[in-house]
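Chain residues, written in single-letter form:
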Amino acid sequence: MEQKSCKESKVIKTSRVFPEDTNNHNTLFGGKLMRDIDDVASISAARHSRQECVTASTDSVDFLDPIRQTDSVCLESHVTWTGRSSMEVFVKVIAEDLMTGDRRISATSFLTFVALKQDGKPANVPAVIPESEEEIYLHKTAPARMKMRQERREHSKEMVQLLSDLKPWDL
């Protein structure tokens, strides 16, 4: 199967922070950022695989620095690693103070997507070729994240056996 560079799946989305995007702390509402992260990551996955893709997991969203109403927010995503049908996508969130031009990384996120064939079964995806120092680092460290992801999934499967799906008033 063919291989593709990370930059072939690169997505960049920049937007302003408006009052309706903020929470009670006058910073960007985390849920809105999470939606935008999933949005750009899904485009990266589709660009890489050229297939329909579904979010298999959001491994992490680390909020590192608040994004204020005076900032723009830039999300950069690309596929960092692939399995047979799965793709790890990294999203870097950069806030820029529009008055001073100061830029800072405000959040990072790793998500996993699975490519699907038209019948809904997993589709094979191309391997990824990292080129930049950042891409090489993310690609090299991906197997450790994949192992943690698999362990967390197994733990979730065990835990769900103990959880109830009864209506709260029927307990």
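Nothing here was measured: the structure is a model prediction, and the numbers come from that model.

Enquirer: Would you mind going over a nonpolar patch on the surface in detail, with residue names and values included?
Expert: A cluster of nonpolar side chains, namely Met159, Val160 and Leu163, defines an oily patch on the protein surface of about 270 Å² accessible area. Looking at where Leu163 falls in the secondary structure, it is placed in the segment after helix H3 (142–160).

Enquirer: Which residues make up the environment of Asn26, and what values go with them?
Expert: The residue Asn26 is located in the loop between strand E2 (11–16) and helix H1 (30–49) in this model. Judged by its relative accessible area of 52%, Asn26 is exposed. Placed 143 residues apart in sequence, Asn26 and Trp169 show a C-alpha to C-alpha distance of 37 Å. Those residues in contact with Asn26, other than ones at most four positions away along the chain, are Arg68 and Gln69.

Enquirer: So what about unusual backbone geometry? Which residues, and what values?
Expert: Residues other than glycine seldom take positive phi values, yet Asn26 does so here, at roughly 60°. The phi dihedral of Arg50 falls on the positive side, at around 55°, and the residue is not glycine. Its location among the elements puts Arg50 in the loop between H1 and strand E3 (52–63). Residue Arg50 is classed as exposed on the basis of its relative accessible area of 61%.

Enquirer: For the pairing of strand E6 (residues 103–116), give the residues involved together with the corresponding values.
Expert: E6 sits mainly inside the fold: eleven of its 14 residues count as buried. Sheet topology note: the E3/E6 ladder contains ten bridges and is antiparallel. The residue of E6 that forms the bridge with Ser60 is Phe110. Pairing of strand E5 (residues 86–97) with E6, which is carried by eleven bridges, proceeds in the antiparallel orientation. Within E6, the residue paired with Phe90 across the bridge is Phe110.

Enquirer: Give me the lowdown on the sheet that holds E5, citing residues and values where you can.
Expert: Reading across the sheet, the five strands line up as E2-E4-E5-E6-E3 and stay open at both edges, with antiparallel pairing between neighbours. The open sheet has two free edges, formed respectively by E2 and E3, since each of these has just one partner strand. Sheet twist, expressed as the average angle between the axes of neighbouring strands with direction ignored, equals 20°. Here strand E4 (residues 71–82) runs beside E5; their pairing, made up of eleven bridges, is antiparallel. Considered in E5, the bridge of Leu75 is made with Val93. Contacts from H1 reach E2, E3, E4, E5 and E6, with the element oriented near 40° to E4. Against the sheet, helix H2 (residues 133–140) makes contact with E4, E5 and E6, and its axis sits at roughly 55° relative to E4, the strand it touches most.

Definitions and limits used
- Numbers given for residues are sequential positions, taken from 1 along each chain in its written order.
- Local features in a predicted model are, by the rule used here, given only for residues with pLDDT of at least 70; side-chain atom pairs are given and counted only at 80 or more, and totals for whole chains, interfaces and linings are based on all residues.
- In computing side-chain values, all of the structure's heavy atoms are included and hydrogens and water are not.
- What makes a patch is a set of residues exposed beyond 30% relative accessible area and free of salt bridges, joined within 9 Å when like-charged and within 5 Å when nonpolar (Val, Leu, Ile, Met, Phe, Trp, Tyr).
- Working definition of accessibility: Shrake-Rupley area with a 1.4 Å probe, residue cover restricted to the visible protein chains.
- Salt bridge, as used here: a side-chain nitrogen of Lys or Arg that lies within 4 Å of a carboxyl oxygen of Asp or Glu.
- Helix and strand labels come from DSSP, where a helix needs a run of H or I of at least four residues and a strand needs a run of E of at least two; each type is numbered from the N terminus.
- Relative accessibility under 20% of the residue-type maximum defines a buried residue, over 50% an exposed one, and the middle range a partly exposed one, all with a 1.4 Å probe and only protein chains included.
- Only heavy atoms matter for contacts: two residues are in contact if any of them lie within 4.5 Å across the pair.
- Only when DSSP finds a minimum of two bridges between them are two strands counted as paired.
- Here an angle of 0 to 180 degrees is reported between the N-to-C directions of two axes, which are lines fitted to C-alpha atoms, with helices fitted over the stretch in contact.

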